Amino acid sequence: MADFLMRAAIRDVPAASGWTVASAGTRTRGGREIHPLAGRVLAERGHDPAGFVSHGLEPVAVRDASLILTATRDHRSAVVKTVPAALGRTFTLLQFADLLTGQTPVEDGPALIAAAKAARGARPARTTEDDIADPVLLPVEDFRDCADEITAAINTLLAPLR
């Protein structure tokens, strides 16, 4: 869901026009269709998830990414374990948004990442507050809540670019 929600959100942000959004699972080899309830929630929000298939985490993608946002701290650890050099540019989505809360305007993605890195060193570490709960095996309302949480974090992190 984060993939679709981020792609939609950056369309309205000129400073993010050159961004590429990709998603990958830390515990999948890929090739799986989107979860039916995630697809339903995305469709309710105007997205067409038909044809989406998952991708597994590939070291080359981690090496090439300017920024990696994950759903949980475990996912972040899996990314960094795959490519240790990615530590400084890997955050959970909620952590990245929290670090940018109240951030003064910046001109582009690199400045946004630099602001988050600077704030990371100046703020106390958070714990489970950085994890987005996985709604798998839960009712559709939990998928809606998850999508709302993702959307709020995306809006927060994009705010300094608007």
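Report on the accompanying structure. Source: prediction; values computed, not measured.

1. Regarding the overall build of the chain
Phase 1: In terms of helices and strands, the chain carries 7 helices and 4 strands.
Phase 2: Taken from N to C terminus, the helices and strands of the chain fall in the order α-β-α-β-α-β-α-β-α-α-α.
Phase 3: Each principal axis of the C-alpha distribution contributes one length, and for the chain these read about 40 × 35 × 30 Å.
Phase 4: The buried share of the chain, reckoned over its 162 residues, is 37%.
Phase 5: For the chain, the proportion of contacts with a sequence separation of at least 24, taken over those separated by at least 6, is 66%.

2. Describing the side chain of T70
Phase 1: Inspection of the secondary structure assignment puts T70 in strand β3 (residues 68-70).
Phase 2: The contacts of T70, once residues within four sequence positions are left out, are H75, R76, V79, T90, F91, T92 and L93.

3. Let's talk about the nonpolar core
Phase 1: If you look at the biggest cluster of nonpolar residues, it comprises 37 residues, and the most contacted ones within it are M1, F96, I150, I154, L157 and L158.
Phase 2: Elements represented by at least two residues in this core include exactly α1 (2-10), α2 (36-44), α5 (93-100), α6 (109-122) and α7 (140-158).
Phase 3: Counting residues per element, this core draws most heavily on α7, at 9 residues.
Phase 4: In this structure I154 touches A2, L5, M6, A9 and L93, once residues within four positions along its chain are discounted.

About the cut-offs
Residues numbered from 1 in each chain as written. Predicted model: local features only at pLDDT ≥ 70, side-chain atom pairs only at ≥ 80, totals over all residues. Heavy atoms only, no water. Helix = DSSP H or I, 4+ residues; strand = E, 2+ residues; numbered from the N terminus. Buried < 20%, exposed > 50% of the residue type's maximum accessible area, 1.4 Å probe, protein only. Contact = heavy atoms within 4.5 Å. Core = buried A, V, L, I, M, F, W, Y, C linked by side-chain atoms within 4.5 Å.

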